Amino acid sequence: MTDPRHSTDPALEFDRPVDAGDDTDAGTTRAGTAGAPAGTLSPAEKAATREEHLRLAEGALVRADDLVAGYVPGVNILRGCDFYLQEGELVGIIGPNGAGKSTLLKTIFGLIPVRSGAVSLRGEDITSAPAHRLVSLGVGYVPQNNNVFPSLTIEENMQMGAYLRPKVFKERFSYVSDLFPMLGERRSTKAGSLSGGERQMVAMGRALMMEPSVLLLDEPSAGLSPAYQDEVFIRCRRINATGVSIIMVEQNARRCLQICDRGYVLDQGRNAYTDTGESLMHDPKVIELYLGTLAKAR
Ligand SMILES: Nc1ncnc2c1ncn2[C@@H]1O[C@H](COP(=O)(O)OP(=O)(O)O)[C@@H](O)[C@H]1O
Ligand SMILES: [Mg+2]
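Notes on the structure follow. (Residues numbered from 1 in each chain as written. Chains lettered and ligands numbered in written order. Predicted model: local features only at pLDDT ≥ 70, side-chain atom pairs only at ≥ 80, totals over all residues.)

Things to note about the site of ligand 1
Okay, step 1: Around ligand 1, the surrounding shell consists of Tyr-71, Val-72, Ile-77, Gly-95, Asn-97, Gly-98, Ala-99, Gly-100, Lys-101, Ser-102 and Thr-103.
Okay, step 2: Taken together, the residues of the shell around ligand 1 sort by class into 4 nonpolar, 6 polar and 1 charged. (Near = placed C-beta within 6 Å. Nonpolar A, V, L, I, M, F, W, Y, C, P; charged D, E, K, R; others polar.)

Observations concerning the pairing of strand E9 (residues 262-267)
Okay, step 1: Among the 6 residues in E9, 6 count as buried, and that is most of the element.
Okay, step 2: Residues of E9 alternate between two faces, with Arg-262, Tyr-264 and Leu-266 on one and Gly-263, Val-265 and Asp-267 on the opposite face, all of them buried.
Okay, step 3: Where E9 folds back on strand E10 (residues 270-276), the antiparallel hairpin that results is connected by 2 residues, among which Gln-268 adopts a positive phi of roughly 50°. (Buried ≥ 20, exposed ≤ 12 C-beta atoms within 10 Å, placed from the backbone. Helix = DSSP H or I, 4+ residues; strand = E, 2+ residues; numbered from the N terminus. Pairing = 2+ DSSP bridges.)

Section: the environment of Leu-61
Okay, step 1: Its location among the elements puts Leu-61 in the loop between helix H2 (50-56) and strand E1 (62-69).
Okay, step 2: For Leu-61, a count of 19 C-beta atoms within 10 Å translates into the label partly exposed.
Okay, step 3: Distance in space between the C-alpha atoms of Leu-61 and Ser-213 is 9.4 Å, their sequence separation being 152 residues.
Okay, step 4: Once residues lying within four places of it in the same chain are set aside, the contact partners of Leu-61 are Leu-85, Gln-86, Glu-87, Leu-121, Arg-122, Val-214 and Ser-245. (Contact = placed C-beta atoms within 7 Å.)

Here it is in structure tokens:
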């Protein structure tokens, strides 16, 4: 693996050295724009309000509107969540543990029963659509865990990724090997013998085999060493630059906001703040509640 800090592409350089100590792990923080007096909303809070969000979501590639969903009858995890992804965007979703970030991705990918609200892709309703339909419509999903076939080789994992279009295997494998050279170089290695970072590349490579137009990534940097984390973020930017729109859930909040076009802070099943990654990173409330020392102290 190349060291991302030696990247030759300045656009992909991070503006600070790796410092694992400033990652948010705001497991118990809670925002709460609900009840904020009208007129006191920050731009990022205002953008997260339903009316404003509906306006901005116009013409989006992927949209989730007023989603209510959960696992157990009577318990809603998403409680009126709104989300959109415009064509070409890389959008990050951050927020405390248990906020519903993974649930939102799973719900967009049709894996969780939707109690109310809707998900659409290019204006077409895909609420609760089966995975094979979503894959054929160009949606790829990389779950956080168990996302490779450990007993299969890297190449076989890639074949599984292209199972709906076996004829394009060679061309797509060459594309993903360009992004992740390790996949080509070690094609005969069993995925189960790889490190966490390498497995993550297999999982992302496999999702890319179907030439998705939208990629849903659940915590791609989780559990990786700082150097591998940077590598994953850089690859996400590169994948995005090849025309793949990306929704990325991340616990590594600062890094995520650094690379994403827009971000959402999800809290208690609702989006609390949304803005450009840059603005969220500098929003005093977001810093206080989700990025700063208070978030860590809680
Ligand atoms: N399979 C499941 N069955 C029941 N509850 C679940 C399941 N998965 C997650 N939850 C609950 O849903 C809530 C949100 O979880 P999740 O979406 O994984 O949060 P996040 O990804 O933001 O950390 C948590 O309270 C969690 O306990
Ligand atoms: Mg999660």
